[in-house]
Amino acid sequence: MIKRALKKFLSLDKRMLLFVGVLTGIIVSVVTVKGLAYTDSPEFCSSCHIMNNVHDSFASSTHAELSCSDCHLPHDTLVNKYTNKAKAGIGHVYFNTLGESKIPKVLHATENSAEVINQNCIDCHKSTLDNVAHDAKDSCSSCHQAVPHGSDFKTEDYFKPAKPGELLENKGGTLNNG
Amino acid sequence: SSSGEKETAATASTGLSADEISNEAFKDLFPLQYDSYKKNEKMEDTTYSGSVKRSKYDPDKEPYLPILFNGYGFATEYNEDRGHIYALEDVREIARITDKSIGSCLTCKSTAVPHMIEEMGDDYWGGNFNADIWPKAESMGHSPIGCSDCHDPQTMDLRITRPSFTKAMEAQGIDMSSPTKNDMRNYVCGQCHVEYYFDAGNGEVTFPWDNGFKPEDMFEYYETTAKEEGFNQDWIHNVSGTPILKAQHPDFETHIEGPHGKAGVTCSDCHMPYDRADGKKKISSHWWTSPLKTMEQSCATCHSNRDLEELESRVDEIQHTHMKALHKAEDISITSHYYINKMITSGVSEERIKEAQQHVRKAQWFWDIVAAESAAGFHNPQGAMDSLKVSSEESFAAIKLATEELVKKGVDIKELDEEIEKVKKAVSEETDNFKKKEKAINDYFPAQQPK
Amino acid sequence: SSSGEKETAATASTGLSADEISNEAFKDLFPLQYDSYKKNEKMEDTTYSGSVKRSKYDPDKEPYLPILFNGYGFATEYNEDRGHIYALEDVREIARITDKSIGSCLTCKSTAVPHMIEEMGDDYWGGNFNADIWPKAESMGHSPIGCSDCHDPQTMDLRITRPSFTKAMEAQGIDMSSPTKNDMRNYVCGQCHVEYYFDAGNGEVTFPWDNGFKPEDMFEYYETTAKEEGFNQDWIHNVSGTPILKAQHPDFETHIEGPHGKAGVTCSDCHMPYDRADGKKKISSHWWTSPLKTMEQSCATCHSNRDLEELESRVDEIQHTHMKALHKAEDISITSHYYINKMITSGVSEERIKEAQQHVRKAQWFWDIVAAESAAGFHNPQGAMDSLKVSSEESFAAIKLATEELVKKGVDIKELDEEIEKVKKAVSEETDNFKKKEKAINDYFPAQQPK
Ligand SMILES: [Ca+2]
Ligand SMILES: [Ca+2]
């Protein structure tokens, strides 16, 4: 049994090994305090090109002082946080190494992460919520559509004349998920 | 940094000739966009639209068009539109093209057009389609609606290649000197997906926008400016003898006045959403088709907090309400045409006939501008319904006037109504699409078009 | 944790009596909501709506209502609605209340109603308004539309206090056993801001929803179920002798079928937005008024990616298009009433008159359900326009039929049309609102209401 599994592991192609490598990297960085903080930070998250758009909109929002994980990871227990982080981390890294063809065309919070996010809103905004029920809908984003990623469905750029040659330069190929 | 970027960008070039008009020349440089463009070959229906070449006279579309367009090419053959890639094939095969057709008919189909206009001037617009224009375009190696229609082949900047568009926008007082990126994402489509007519003098493709984009604005233009310049009608209706305006695909005008257009959303946002090609890279989709086939990319980017299935059923509700109302307005318009026919054959005074025909003309404009639009009402639900309402009111004004005169002449209105039902039945039961139009005319309702 | 919370919540109580119906009793417990509620005293206009008590017959509103409602109380006095706080004052002062008025008229105005229904049963609905119902409500110490109408006075849970609502929802097959919080934010308003009629038997306030919420669904109900149960009309029209259905404030029905309702947005989201009271605490605004006065709170949270001024002008465009269409539909309806009047005075057969009246009845329903709605089209732009379109078509069907019969009788149609213009002028030139209705009738167009 163990033998067969080991054989299977060794027969994996290089891309899988890369995946495992990066994952190990993350796990290692997680055990150092500095690494822990770093992997919570907007800089870390946006180190993935695919996170650019969400980072930019976040950075100009009222929530810019927060870190991504303030919203995107559960905070009830540390164990829960890191389990989720590892799960999500595996997902993100997998997609950016092996699974590129499976990256969704439009990024959306998964059902699980939507729940996590919502709970975080509630936790931070207790005082507002205590003061008025504020729980009419399934999620805060039913009303707060643009917190914190969607202040505008188009960047200012769209409302200026195009930069000559920009289409040729970009030719597509950006991984921006806007 | 941005000014530095600009300079670099401005000097970059594809290496293609500024005159390039073949899509295939772009293939190796932009394989992802080219592949995406190739998807326009796909043929797939949606509930109210789609890309399958089938007749607009089909029972689930608008079966009475052979009556409503009687006397005009649109009563002979008229199909659901499909991918850009078929534009040349479809214009070549359509029975609406006759030996009298002019060059202008090629304007929105072929990449050769901008060069032909430049070279030939007015001789392009008025040139003979079959004898001169088509062969010339073929010899130039044209493509069906292609990269060069929207892009500068050297810089790939978006550009306007059909002068009719710029002229018409400026005539409405819109500054065209430095359109924004967002504007251009509407404008490239606005070159073709618009209402047009052929100038009475030189046959030039002209857009009736001086007074605005709404149906009433364009109608006013046709009743004043166009008439002053000698354009009175597209054809004389064969049932009612009315001088009729044919409306064509006003997608741009309708969208601009609708909820999305007013919110700064553009054609390209829905019809060319960012797409992941090649499993990795993001490009603008170049598969121009129903966004209902790509809702995840086309709609979910903006409507991220809504359930997509619910959103789709919302579109369906809007379209269903719309199509039901359109069919009713068309039906009333049919009645009005036959009532006028009866006025003519009953010897009612010229003056009263003219008066009634003016209502019929207006009524037909107000439903046709809606029927010709491509989104079954979605591009502007309230605006389209408003137009249909005006149409029904005008048709009925004609019918009321006719009723008064016909009763005075002793006509039996009940019999007339029964004859109308019969003629409609004859049209819908005729299975040969090309013969339907013949069934719209009979001994009771003789043809009224001047020979 | 949430189940623990629930239990605590269930035992918490305001300490008020379960029967409390005075708004003032809540004042000290909920000073912020009470203060907010007090803002309902404010009177301020918007372009198409607002809170100033002025006549609906004003030239910038709907000046021809005294013709269209002729023979009914709404032709005597009908005002723009205003804050909840004025509900009792307004129902007391309105000339529509006569000595024949029944208890049902108090249903949506006073906090005493639920108790009266409980106590009196059917005697409440059919009781005499002036003689019995009003004095009794006063003696109970009622308030105009108050906390207890929407809240349980002990737990402050939202609740439905008007049984007509629950009955009607269930008749449509909607499960009312456990509405969500979101549902309740629509439902509390849906108790009153809805179309209703008085049951022919016991006078009970009844909502015609069995077949659905759309104008056509409710019309079908009136033509079938309501008739079977003995309810045929609200009144006989004094110009055309038609049995007419009066439509009332279908804000709930219209909203539910519109773009916001379909997207799960509720009345309270726009009309009771979370607001900062006291410079500090957040509450649900209890100032029910035009959200155009509070767009920042009412709209901006959801539409945060749009410029608010642009959004406001979008609302204005929707409303402008709507009001123009409404006025046109009303105008055609007026013509139809007078044409029928002329049929009657010209001795046209009973049968044809009845046929024409059926069109007039339907036409009036389809514009009135739109005119009675409070948002000048905003709650459902496409749906309202669709209804107006049907209305115009039906009015014209009546006019056409009448024209046929009148010409047969030798009536001069031109003269008839001129007389209609004259009578309209007489109504609009009459400055005493109470006398306008008298001007709608004259020697040429004698009254048709059975005495
Ligand atoms: Ca199509
Ligand atoms: Ca009001």
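In this text, all values refer to a predicted model and were calculated from it rather than measured experimentally.

Looking only at helices and strands, chain B features 20 helices and 6 strands. For chain B, the C-alpha radius of gyration of 23 Å lies close to 22 Å, the compact-globule estimate for 451 residues. In terms of principal-axis extent, the alpha carbons of chain B reach across some 80 × 55 × 40 Å. Buried positions account for 57% of the 451 residues belonging to chain B. Of the contacts formed within chain B by residues at least 6 apart in sequence, a portion of 68% connects residues at least 24 apart.

Okay, the side chain of Ser69 of chain A next. Within the secondary structure, Ser69 of chain A is located in helix α6 (residues 68-72). The contact partners of Ser69 of chain A, leaving out residues within four places of it in the chain, are Asp40, His75 and Asn120 of chain A.

A separate point is the coordination of the calcium ion (ligand 1). Residues and elements named next belong to chain B. Looking at the calcium ion (ligand 1), one finds its protein donor set to be Gly50 (O), Glu80 (OE), Asp81 (O) and Asp81 (OD), positioned 2.1 to 2.4 Å from the metal centre. Taken in sequence order, the residues that donate to the calcium ion (ligand 1) follow the motif G-x29-E-D. Note that Gly50 is positioned in the loop between α2 (31-38) and α3 (65-68) and Glu80 in the loop between α3 and α4 (87-93), a separation of 30 residues in sequence. Judged by its relative accessible area of 9%, Gly50 is buried.

Another point: the confidence of the model for chain A. All names here are of chain A. Looking at chain A as a whole, its pLDDT mean stands at 71, while 56% of the residues score no less than 70. Of all helices and strands in chain A, the one with the weakest mean pLDDT is helix α1 (residues 2-10) (49), whereas helix α8 (residues 111-124) scores best (89). The model gives residues 9-15 a pLDDT under 50, and that stretch makes 4 contacts with residues more than four places away or in other chains.

The subject of this paragraph is the coordination of the calcium ion (ligand 2). Residues and elements named next belong to chain C. Taken together, the protein ligands of the calcium ion (ligand 2) are Gly50 (O), Glu80 (OE), Asp81 (O) and Asp81 (OD), with distances of 2.2 to 2.3 Å. In terms of primary sequence, the donors binding the calcium ion (ligand 2) are separated according to G-x29-E-D. For Glu80, a relative accessible area of 6% translates into the label buried.

Let us look at the pairing of strand β6 (residues 281-284) of chain C. Residues and elements named next belong to chain C. By the bridge criterion, 4 bridges tie strand β5 (residues 274-277) to β6 in an arrangement that is antiparallel. Opposite Tyr274, over in β6, you have Ser284 as the bridge partner. With antiparallel pairing between neighbouring strands as the criterion, β5 and β6 make up a hairpin whose turn holds 3 residues, including Asp278 at a positive phi of roughly 65°.

On to the packing of aromatic side chains, then. Within a pair of aromatic rings, the relevant descriptors are the distance that separates the centres and the angle that separates the planes. As enumerated under the stated definition, the model contains 55 aromatic pairs over all chains in all. Connected via pairs of aromatic rings, a cluster forms that spans Phe69, Tyr72, Phe74, Tyr78, Trp235 and Trp367 of chain B. The ring of Phe74 of chain B carries the charged tip of Lys246 of chain B above its face, separated from the ring centre by 4.6 Å. Its end group placed over the ring of Trp287 of chain C, Lys42 of chain C keeps NZ or CZ at 4.5 Å from the ring centre.

Once that is clear, we can look at unusual backbone geometry. With the exception of glycine, the majority of residues adopt a negative phi angle, and the majority of peptide bonds are in the trans configuration. All names here are of chain B. Its identity as a non-glycine residue notwithstanding, Met156 has a phi of 65°, on the positive side. Along the chain, Met156 falls in the loop between α8 (147-150) and α9 (163-171). Residue Met156 is classed as buried on the basis of its relative accessible area of 7%.

Across the boundary between the two partners, chain B contributes 37 residues, which contact 37 residues of chain C. Contact with chain C buries area across many residues of chain B, yet Gln382, Lys389 and Lys400 of chain B alone supply 24% of it, more than any other trio. Run the count over chain B and chain C and you get 6 salt bridges. Among the salt bridges present, the one from Asp417 of chain C reaches Lys400 of chain B, with a minimum N-O distance of 3.7 Å.

To continue, consider the pattern of salt bridges. Residue and element names in this part refer to chain B. Counting across every chain of the model gives 76 salt bridges over all chains. For Glu204, the salt bridge is made with Lys167, and the minimal N-O distance between the two is 2.5 Å. On the criterion of sequence distance, the pair formed by Glu204 in the loop between β1 (197-198) and β2 (205-206) and Lys167 in helix α9 is long-range, its members being 37 residues apart. Among the residues examined, Glu204 registers a relative accessible area of 11% and is labelled buried. Overall, Lys167 belongs to the partly exposed group, its relative accessible area being 48%. Sharing partners across several salt bridges, the network here consists of Lys53, Arg82, Glu89, Asp90 and Glu93.

Conventions and cut-offs
- Along each chain, numbering runs from 1 in the same order as the chain's sequence is written.
- Whichever chain is written first is A, and whichever ligand is written first is 1; the rest continue in order.
- Since the coordinates come from a predicted model, pLDDT governs what is reported: local features require at least 70, and pairs of side-chain atoms require 80 or more to be given and counted, while whole-chain, interface and lining totals use all residues.
- Note that the side-chain values use all heavy atoms of the structure and ignore hydrogens as well as water.
- Working definition: helices are DSSP H or I runs of at least four residues, strands are E runs of at least two. Numbering for both runs from the N terminus.
- For the radius of gyration, the atoms used are the C-alpha atoms, and the globule rule reads 2.2 Å times the number of residues raised to 0.38.
- The rule is simple: take the accessible area with a 1.4 Å probe, protein chains only, and divide by the maximum for that residue type; under 20% is buried, over 50% is exposed, in between is partly exposed.
- Contacts between residues were defined by any pair of non-hydrogen atoms, one from each residue, lying within 4.5 Å.
- Coordinating donors are taken to be N, O and S atoms lying within 2.8 Å of the metal, or within 3.2 Å when the metal is Na, K or Ca; because water is excluded from the atom set, some sites may appear incomplete.
- Confidence scores labelled pLDDT are given residue by residue by the predictor and lie between 0 and 100.
- Two strands pair under a simple rule: DSSP has to find at least two bridges between them.
- Centres within 6.5 Å make a pair out of two Phe, Tyr or Trp rings, where for Trp the six-membered ring is used; the pair is then stacked when the planes are under 30 degrees apart, edge-to-face when over 60, and tilted otherwise.
- A ring is scored as having a charge over it whenever the NZ atom of a lysine or the CZ atom of an arginine sits within 6 Å of its centre and within 35 degrees of its normal.
- Summed over both partners, the accessible area (1.4 Å probe) lost when two parts come together is defined as the buried area.
- Take a side-chain nitrogen of Lys or Arg and a carboxyl oxygen of Asp or Glu: if they are within 4 Å of each other, that pair is a salt bridge.

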